Amino acid sequence: MVSTLPPLSLLPPSPSFSQILQAHAQLVYLGLATSRAAIGHLLAACAISSAPPLSYIHSVYRQIERPNVFAANNLLRCLARGQSPRQTLVFYSAMRISGVPTNNYTFPFLLQACSREPSISEGAQVHTQVVKFGFCEDLYVRNGLISFYSTCGLLAESRKVFDHCPERRDVVSWNSMLAGYVRSSEIEVAEKLFDRMPEKDVISWSTMIMGYVQNGVLEKGIDLFKEMVGRGMAVNEATLVTVLSASAQLGLLEYGSFVHSIIKDSRFPMTMALGTALVDMYAKCGRIELSRHAFAEMPKRDAFAWNALICGLATHGQGREALELFHEFISEGLRPTSVTFVGVLNACSRSGLLDEGRHHFNAMVKDYGIKPEMEHYGCMVDLLGRAGLIPEALELIQGMSISPDPVLWGTLLGACKTYGFVDLGILVGKRLIELEPGHDGHYILLASIYAKARRWEDVVEVRRLMSIQGTNKVAGWSLIEAGGKLHKFLASGWAHMDSSKIYKTIEIIEQRLAEAGYLPNISPVLHDIEDEEKMQVIKAHSERLAIAYGFMVIGQGSPIRVVKNLRVCPDCHDFSKKVSKVFGREIIVRDGSRFHYFKDGACSCHDYW
DNA sequence: GTAGGGTTAG
């Protein structure tokens, strides 16, 4: 039996393709298959659904004999949201030629297409059309323009439209302007605009939070989220995803878990973006088993989700598991992306799986047609370098289709140092210093190569050069989460309110280590500093401050979790191993590139990092 | 029937 109700009104807010087909069948049955209004509504349903293929949408439209602007606008809307937004403008020209008029609804879709493409010249042409047809005063059209210029980074243009007539603004105008500043990393301007907003909705808040997080001001992002929740505002998926990403980047396990509990308590639907953000958060916070669990709980998984877990396993040194997962991913019939291979190759290099790494690198190019990017070369150079195959690594670099970046040379240099390729190491080190003369790390690496060759005069010379040239030394920091708070330490810092206690604790720890027969190691790199002074410098590395603080505030049964921005230095690595042995305490350090699990005097990285 | 925010990477 066929319903006597108008069929399209039965469609849910976001209809599936099969629901649309059913509605279409009903239209045919009712003899409405060529009705401009009915087909227009069917196209509107297609526009808010994600599934219908464009070929279907075009075929529906073609059934209308003399299309009106309503039907045409809805086709534009479908095209603007589709895979190839450029088609929107192609259709717009055709529609103008065939005599279909435009109205105020037409332009927002055209501008959306130009933002998504993105195409500055075409968007500017649309702007002239807007002027020509006299829609400059329409709020939706104006917002479309603001958003278009904002996404293309043309903030001055965007601002012109925004400022033009202030009484014709609503929260969307403000949000689009805000998003423009955020996207262009003008975070202070964005902050000011946010404070001035007459009305803020969920999107205003999440845009600002996202702005902080994407520009690396992570703590502010978390704080603003706290304020948002504290004000009793409803959060949405985008806010949760963003704040999980901030927790992940900072390694805030407690906070990330708290956000997870909000999701569970509010019975938020587990979407792919949220699930992926959870997988990533647990992996980056050192809980790979919870990451796996979050992955398993996802009702559906796309390549992003798989990539997050593969990459997570790789940073945890679980290379075999990552490869197993990759094979599962392939057998599910999904297409790997270039990021998938970053994870796979990284897994191989972290676990020393030489043949597998070579195999997957070749397969990536041959079987999947993915061009190697800097990251892939980085993994390969690391993999070959670790195996001591320095000549092969060098050959790979020399055969690259893109010009190698400093990080790549740095990886090679690290391998030269480990395997005593002194001459090549010196060449590469000098090259690196030429490329980035302001980067202190390069001088330190070159000095360490000279030190290895016992060329002390050269060590002194490089350090002298560094003191003249080196400027942009990245300040090392370590952080630890305790009592719902974030504690950040800088090397030799005294900013923390418990600093004197922390330095005392370090001394007590050192003393216990000495009693157990451990003498502190000092790297030869610091050769030109007096022994006593060296000891002071190393003692105050941010990582030790964090570990000492961990001893003070983290319960005996729990591991001490530290997140740091730079790589672990050999002295601190050694220190952490000894502490884990003498105090029977697990220490988990996430450094700039991987995890170190210190337990019983050993580290999960097997001392190669 | 219109516009704005989100996840993966050495």
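Residues numbered from 1 in each chain as written. Chains lettered and ligands numbered in written order. Predicted model: local features only at pLDDT ≥ 70, side-chain atom pairs only at ≥ 80, totals over all residues. Heavy atoms only, no water.

Caption draft 1: Just the packing of aromatic side chains, in detail. Taken as a whole and judged by the stated rule, the model has 18 aromatic pairs. For the pair Y255 and F258, a centre-to-centre distance of 5.5 Å together with 50 degrees between the ring planes defines the contact as tilted. One end of the pair is Y255 and the other is F258, both in helix α15 (residues 253-265) and three residues apart, which spans about a single turn. We classify Y255 as buried; its relative accessible area is 10%. Residue class for F258 comes out partly exposed when judged on its relative accessible area of 39%. Following the ring pairs from residue to residue traces out a cluster consisting of F295, W306, F326, F329, F341 and Y368. R169 extends its terminal NZ or CZ atom over the ring of F162, reaching a point 3.9 Å from the ring centre. (Phe/Tyr/Trp six-rings, centres within 6.5 Å; stacked < 30°, edge-to-face > 60°. Helix = DSSP H or I, 4+ residues; strand = E, 2+ residues; numbered from the N terminus. Buried < 20%, exposed > 50% of the residue type's maximum accessible area, 1.4 Å probe, protein only. Lys NZ or Arg CZ within 6 Å of the ring centre and 35° of its normal.)

Caption draft 2: Local environment of helix α3 (residues 54-62). Turning to α3, its buried residues number three or more, namely Y56, I57, V60 and Y61. Projection of α3 onto a plane perpendicular to its axis shows the buried side chains occupying an angular sector of 135 degrees, all on one side. In α3, those exposed residues whose orientation departs by more than 90 degrees from the buried face are S55 and R62. Next to the buried residues of α3 lie α1 (17-29), α2 (36-48), α4 (69-81) and α5 (86-97). (Arc of directions from axis to C-beta. Contact = heavy atoms within 4.5 Å.)

Caption draft 3: Summary view of the nonpolar core. If you look at the biggest cluster of nonpolar residues, it comprises 145 residues, and the most contacted ones within it are Y61, F225 and L412. By residue number, the principal contributor to this core is helix α18 (residues 303-315), which donates eight residues. With residues up to four places along the chain from it excluded, the contact list for Y61 reads L43, P67, A71, A72, L75, F91 and V100. Of all hydrophobic cores here, the second largest spans 26 residues; its members include F489, F583, V589 and F598. (Core = buried A, V, L, I, M, F, W, Y, C linked by side-chain atoms within 4.5 Å.)

Caption draft 4: Seen up close, the protein's contact with DNA strand B. Of all residues adjacent to DNA strand B, which total 43 residues, the nearest are N73, N175, M210, N236 and E237. When atoms of DNA strand B within 4 Å of the protein are sorted by moiety, sugar and phosphate together comprise 44%. A distance of 3.5 Å separates a sugar or linking oxygen of DNA strand B from a polar side-chain atom of T207. In terms of residue class, the surface near DNA strand B is built from 19 nonpolar, 14 polar and ten charged. (Near = heavy atom within 4 Å. Polar contact = N/O pair within 3.5 Å; in protein donor to acceptor, adjacent residues only side chain to side chain. Nonpolar A, V, L, I, M, F, W, Y, C, P; charged D, E, K, R; others polar.)

Caption draft 5: Highlighting the environment of V259. Mapped onto the elements, V259 comes out in helix α15. Its relative accessible area of 0% is what places V259 among the buried residues. Along the sequence, V259 and G286 sit 27 residues apart, while their C-alpha atoms lie 16 Å from each other. Contact partners of V259, with chain neighbours within four places excluded, come to F225, L240, V243 and L244.

Caption draft 6: Structural detail: the UniProt feature "repeat: PPR" (unreviewed entry) in chain A. Mapped onto this structure's residue numbering, the UniProt feature "repeat: PPR" (unreviewed entry) falls at residues 170-204, 302-336 and 337-372. Annotated as residues 170-204, this span is 74% helix and 0% strand, and its ends, taken at the C-alpha atoms, are 12 Å apart. In this annotation, residues 337-372 is assigned 72% helix and 0% strand; the end-to-end C-alpha distance for the span is 11 Å. (UniProt positions renumbered as here; feature names shortened; annotations may be inferred.)

Caption draft 7: Fine view of the side chain of S542. The residue S542 is located in helix α30 (residues 542-553) in this model. Looking at S542, the relative accessible area reads 4%, which means it is buried. At a separation of 2.8 Å, a polar atom in the side chain of S542 contacts the side chain of S478. Not counting residues within four places of it along the chain, the set of residues in contact with S542 comprises G476, W477, S478, F489, L490 and A491.

Caption draft 8: Fine view of the pairing of strand β1 (residues 477-482). The buried fraction of β1 amounts to five of the six residues, a majority that puts the element mostly inside the structure. Across six bridges, the pairing between β1 and strand β2 (residues 485-490) is antiparallel. The residue bridging S478 from the neighbouring strand is F489, located in β2. In this antiparallel pair of consecutive strands, β1 and β2, the connection spans two residues, and G483 shows a positive phi of 55 degrees. Where β1 lies against strand β3 (residues 560-564), two bridges are found, and the strand directions are antiparallel. (Pairing = 2+ DSSP bridges.)

Caption draft 9: Structural view of unusual backbone geometry. Omega for the peptide link from E117 to P118 comes to -15 degrees, which places this bond in the cis form. A positive phi angle, near 60 degrees, is found at S185, a position not held by glycine. By the secondary structure assignment, S185 is in the loop between α10 (171-183) and α11 (187-196). Its identity as a non-glycine residue notwithstanding, D600 has a phi of 50 degrees, on the positive side. Taking relative accessible area as the criterion, D600 reaches 57% and is therefore assigned exposed.

Caption draft 10: Quick look at the environment of K599. Here K599 lies in strand β5 (residues 595-599). Sequence separation between K599 and Y212 is 387 residues, and the spatial gap between their C-alpha atoms is 36 Å. With sequence-adjacent residues up to four places away left out, K599 is seen in contact with S580 and E586.

Caption draft 11: Examining the layout of surface pockets more closely. Roughly 460 Å³ of volume is contained in the second largest pocket. Taken together, 19 residues make up the lining of the second largest pocket; nearest its centre are P108, F109, Y140, N143 and G144. Elements represented by at least two residues in the lining of the second largest pocket include exactly α2, α4, α6 (106-116), α8 (139-151) and α10. Per-element tally for the lining of the second largest pocket: the top contributor is α8, with five residues. Residues of the lining of the second largest pocket, tallied by class, amount to eight nonpolar, seven polar and four charged. (1 Å grid on protein atoms, 1.4 Å probe; cavity = no way out; pocket = protein on both sides within 12 Å on 5 of 7 lines; lining within 4 Å. Points joined across faces, edges and corners; volume = space filled by probe spheres on them.)

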